[in-house]
Amino acid sequence: MRVAIDTQAGGAAPNEDWVAGTPTLAVVLDGLSTAGLDTGCRHGVPWYVAHLGSQLIAALADPGTPLADALAGAIERVAALHPECDLSNPGTPSATVAVLRQQEGFFDHLVLADSPIVFEGHQGFSVITDLRVDEVLPGLRAEVEQYETHTAEHKEALQRFVTAQRRTRNTPTGYWVAAAGPEAADHAIVGSTPAEDVRAAAVLSDGTSRLVTEYAMATWPEVFTMLRTSGPREVIDTVRKVEATDPTGQRWPRYKSGDDASVAFCQW
């Protein structure tokens, strides 16, 4: 498997995405925004995703390890790296997870939250994603989206939304992400796809997939054509060009003008 990767911060703040590729693996993590609120952790989201990603890659060095078991172990080991932080804080650093692993004759996948894996098959495209987060607190979400980004009203509404959202995070009535508790891995979407059914695949953070899913400014066939001809950076650059036409979020209401964007494009 050949994996081409790229990632780019959405603005001046440090990139909270993490992406890696090996001859058998593609991993994308998307750290959850803190919206300027307390997390109980002195390290921060970029530290968390970097350590979770490296622990996950190490755990998956054994191809016989189930993806969910590897994720659970990685979460547990990262938690042990910063026991002095308040890991019970509902805003403790956390991340979405998307993993694609090549096995003999098939591909394993794991998706936890809304970083999708897109398969290009001989009959079209299929998307594996976990959108439970979109079902949480629709009223507060709509309140955020009524304001232009970079306004005081938008910031205040976003903080109200994230504060409420944190109370549903990693609960049976909310949605699940990788944070400090290994039980989140039990709630990931896992499965396998026969290799003969797949031509290529892309593992993405939602800062990239929104070009198709939210902005509707490209189709999956167009995205995969870009990936083949110009690589992941061309797709991310296209996202930025689209966002530049709507810097305050009037056409496409969103939490920030530009989100961190990552791509792992897999061919074989």
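Residues numbered from 1 in each chain as written. Predicted model: local features only at pLDDT ≥ 70, side-chain atom pairs only at ≥ 80, totals over all residues. Heavy atoms only, no water.

## Some remarks on the packing of helix α3 (residues 138-145) against helix α4 (residues 152-166)
Put simply, the test is: Axes, fitted as lines to C-alpha atoms, cover a helix only where it is in contact. Angles between the N-to-C directions of the axes lie from 0 to 180 degrees. Strands are runs of DSSP state E lasting at least 2 residues, helices are runs of H or I lasting at least 4, and numbering of each runs from the N terminus. Any angle from 65 to 115 degrees is called roughly perpendicular, while one under 35 is roughly parallel, one over 145 is roughly antiparallel, and all others are oblique. Helix crossings get a hand from a simple test, with the near helix turned counterclockwise from the far one by less than a right angle marking a left-handed crossing and a clockwise turn marking a right-handed one. We call two residues in contact whenever any of their non-hydrogen atoms come within 4.5 Å of each other. Residues are sorted three ways: Asp, Glu, Lys and Arg are charged, Ala, Val, Leu, Ile, Met, Phe, Trp, Tyr, Cys and Pro are nonpolar, and all the rest, Gly among them, are polar.
Between α3 and α4, the shortest axis-to-axis distance is 8 Å and the interhelical angle comes to 160°. Overall, the two elements α3 and α4 adopt an arrangement that is roughly antiparallel. Remark: the crossing between α3 and α4 carries left-handed chirality. Side by side, α3 and α4 meet where L140, R141, E143 and V144 of the first sit next to H154, A157, L158, R160, F161, A164 and Q165 of the second. Looking at side-chain class alone, the contact of α3 with α4 contains 6 nonpolar, 2 polar and 3 charged residues.

## Quick word on α4
This is how the line gets drawn: One less than the number of residues in a helix, times 1.5 Å, gives the span that helix is expected to have. Relative accessibility thresholds used throughout: buried, under 20% of the residue-type maximum; exposed, over 50%; partly exposed, between the two (1.4 Å probe, protein chains only).
Helix length check: α4 (15 residues) gives 21 Å between terminal C-alpha atoms against 21 Å at 1.5 Å per residue, within 8%. Among all positions of α4, only H154, A157, L158, F161, V162, A164, Q165 and R166 are buried.

## Examining the pairing of strand β9 (residues 198-204)
Quick note on the threshold: A pair of strands is considered paired only if DSSP assigns at least 2 bridges between the two.
With respect to burial, β9 is a largely interior element, 6 of its 7 residues being buried. Strand direction decides the pairing type here: strand β6 (residues 117-121) and β9, joined by 5 bridges, are antiparallel. Its bridge partner being in β9, G121 is matched across the sheet by V198. Here β9 runs beside strand β10 (residues 261-267); their pairing, made up of 5 bridges, is antiparallel. Across the sheet, the residue bridging to A201 is C266, located in β10.

## Topic: the packing of aromatic side chains
Defined as follows: When two rings of Phe, Tyr or Trp (its six-membered ring) have centres within 6.5 Å they constitute a pair, described as stacked for plane angles under 30 degrees, edge-to-face for angles over 60, and tilted for the intermediate range.
Summed over all chains, the structure comprises 5 aromatic pairs. Taken together, F125, F224 and F265 form an aromatic cluster joined through their ring pairs.

## Brief notes about the layout of surface pockets
Test applied: The definitions used throughout rest on a 1 Å grid laid over the protein atoms alone, on which a cavity is an enclosed set of points accommodating a 1.4 Å probe that cannot get out and a pocket is an open set flanked by protein within 12 Å on both sides along at least five of seven lines; lining residues are those having an atom within 4 Å of a point. Grid points are joined across faces, edges and corners, and a volume is the space filled by probe spheres set on the points.
Within this model, the largest pocket holds a volume of roughly 850 Å³. D114, D206, R210, E214 and Y255 are, among the 36 residues lining the largest pocket, the residues nearest its centre. Taken together, the elements giving at least two residues each to the lining of the largest pocket come down to β3 (25-31), α3, α4 and α5 (206-213). By residue class, the composition of the lining of the largest pocket is 15 nonpolar, 7 polar and 14 charged. Of the voids in this model, the second largest pocket is the one considered here, and its volume is about 560 Å³. Taken together, the residues that form the lining of the second largest pocket break down as 6 nonpolar, 12 polar and 4 charged.

## Some points on the pattern of salt bridges
As a reminder of what qualifies: We count a salt bridge whenever a side-chain nitrogen from Lys or Arg sits within 4 Å of a carboxyl oxygen from Asp or Glu.
Here the structure, examined in full by the defined rule, presents 12 salt bridges. R199 is the partner of E120 in a salt bridge, and the nearest nitrogen-oxygen pair spans 3.3 Å. In this pair, E120 sits in strand β6 while R199 sits in strand β9, placing the two residues 79 residues apart along the sequence. Since its relative accessible area comes to 7%, E120 is described here as buried. For R228, the salt bridge is made with E120, and the minimal N-O distance between the two is 2.7 Å. Taken together, the residues R228 in helix α6 (residues 220-229) and E120 in strand β6 connect sequence positions 108 residues apart. Exposure remark for R228: the relative accessible area of 35% places this residue in the partly exposed category. Here the salt bridges do not stand alone but share partners, grouping D206, R210, K256 and D259 into one network.

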